[in-house]
Amino acid sequence: MEITGTAQREAWREGVLPPVEEVRPGLWSIPVPIPDSPLRYVLIHLLAHEHGLLVLDAGWDHEDAWTALTQGIIGTGHALTDVSGIVVTHMHPDHFGLAPRLREESDAWIGMHPADAALVLEQNPEQVAAARADAVAQLVAAGAPDALLVGAGTIAMERLPLDHGVDRELLDGDTLRIVGSELTVVHTPGHTPGHICLFDDRRRLFFSGDHVLPRISPHIAVIPGQQIDPLGEYLASLRKVAAFDPDEVLPAHEYRFRGLGSRARELVGHHEERLDELLAAIRSLPAPTANEVCDQLTWSRPILTMAPHLRRMALRETIAHLVVLERRDLVRARPGVPERWFPTSAGESTPEPIHLEAGAPR
Ligand SMILES: [Zn+2]
Ligand SMILES: [Zn+2]
């Protein structure tokens, strides 16, 4: 993997926003800040087409982000009303947040994969309550301590009205015309059920959203009502994009790079190691709950010192790995509340996993 967004990487190291860049004629990268986030910014891409601009992702719904987005658009010599389409790679608030406001101001269409479009529709109070109850039930089944149940399932986000949801469904293989080329939609479920990447065939550019990032591995979690096996889907989507051979990858965070295939394989390897670590934890503990497995794993910092919402994320990531091990017939859950996990005879007899040294690059 080779870093090509050197100004972006420099800015990343210095803790500042990278510059707006015209990456290719008629293609701009606009960093839009994410308030109070270690990710710091989302990279919005603007693409000129015959009748205006396509905006790829919209940024967090915050006044500073709106200023950066609109100044970025105006800086390219376009007006807000030139925006004709807003393509959202996935439903997370750092990507979707400002899409409704930008649609309002520009009259542009919003395009998303239907699996994520369904998750940004307005919810009635019963649906909100049901989602919260499902989130709590998942944690209870996983054996989470009471401290993690408080505030579960309370993420507020920008949504679209039911009567005027997403304007355009973007499916795998669909194409969007831009100046001198076209973008092909690549459905890459995993990080979310409807995550999409876009491939600019003529210029050999790959817009990877959050699916493949140069430095970090995206959050893959079982969220009730979304995916049953998000990690299995994610691994398949990594193998899918490894078959592309672009000259440059334009991710939605961090910096541009070259070497999509090698980075995708590296991420597969990271998760395979993690699966080995989980299997070893299940073998070493007496019928653990998912939460006990989670507490046993290595995290970027001690799990018990993390804030409850981060521990919930870690636990839902652990559950995603358990589902893959279960589908590979290496572990089984004993029904009950909480569920308890044990290795199958196949899981018991696979060789002891080999671990890289702690701190080895991933
Ligand atoms: Zn995301
Ligand atoms: Zn993101």
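Residues numbered from 1 in each chain as written. Chains lettered and ligands numbered in written order. Predicted model: local features only at pLDDT ≥ 70, side-chain atom pairs only at ≥ 80, totals over all residues.

### Observations concerning the packing of helix 8 (residues 230-242) against helix 9 (residues 260-284)
Spelled out, the test is: Here an axis means a line fitted to C-alpha atoms, over the contact stretch when the element is a helix, while the angle between two N-to-C directions is reported on a 0 to 180 degree scale. Helix numbers and strand numbers start at the N terminus; a helix is a DSSP run of H or I with at least 4 residues, a strand a run of E with at least 2. Note on angle classes: values under 35 degrees are labelled roughly parallel, values over 145 roughly antiparallel, values of 65 to 115 roughly perpendicular, and the remainder oblique. Take the far helix as the reference: if the near one is turned anticlockwise from it by less than a right angle, the crossing is left-handed, and if turned clockwise, right-handed. Residue pairs qualify as contacts under a 7 Å threshold applied to their C-beta atoms, which are placed from the backbone. Residue polarity is assigned by list, with Asp, Glu, Lys and Arg as charged and Ala, Val, Leu, Ile, Met, Phe, Trp, Tyr, Cys and Pro as nonpolar; anything else, Gly included, falls into the polar class.
Following both chains from N to C, one finds helix 8 and helix 9 inclined at 155°, their axes separated by 8 Å at the closest point. With respect to each other, helix 8 and helix 9 are oriented roughly antiparallel. Every pair of crossing elements has a handedness; the one defined by helix 8 and helix 9 is left-handed. Residues L231, L235, L238, V241 and A242 of helix 8 touch helix 9, and the partners they reach there are L260, G261, A264, R265, L267, V268 and H271. Of the residues assigned to the contact of helix 8 with helix 9, the class counts are 9 nonpolar, 2 polar and 1 charged.

### Thoughts on the domain arrangement of the protein chain
Counted only if it meets this: Each domain's extent was defined by an automatic or database domain assignment.
Domain boundaries assigned for the protein chain yield domain 1 (2-122 + 156-259) and domain 2 (267-349). Summarising the inter-unit geometry, the C-alpha centres of domain 1 and domain 2 are found 31 Å apart. At the junction of the two partners, domain 1 supplies 14 residues and domain 2 supplies 13 residues. Along the lines of polarity and charge, the residues of the side of domain 1 that touches domain 2 split into 10 nonpolar, 3 polar and 1 charged.

### Quick notes on the pairing of strand 3 (residues 27-33)
Selection criterion: The exposure scheme places C-beta atoms from the backbone and then counts, for each residue, the other C-beta atoms within 10 Å of its own, assigning buried at 20 or more, exposed at 12 or fewer, and partly exposed in between. At least two DSSP bridges between two strands are needed for those strands to be called paired.
Counting buried residues along strand 3, 7 of its 7 residues qualify, which places the element largely inside the surrounding structure. Residues of strand 3 alternate between two faces, with L27, S29, P31 and P33 on one and W28, I30 and V32 on the opposite face, all of them buried. Looking at chain direction, strand 2 (residues 21-24) and strand 3 are connected through 3 bridges and run antiparallel. Residue E22 lies in a different strand from strand 3, and its bridge partner there is W28. Hairpin connection from strand 2 to strand 3: 2 residues lie between these consecutive antiparallel strands, with G26 at a positive phi of about 75°. Both strand 3 and strand 4 (residues 41-49) contribute to a ladder of 7 bridges, which runs antiparallel. Within strand 4, the residue paired with I30 across the bridge is I44.

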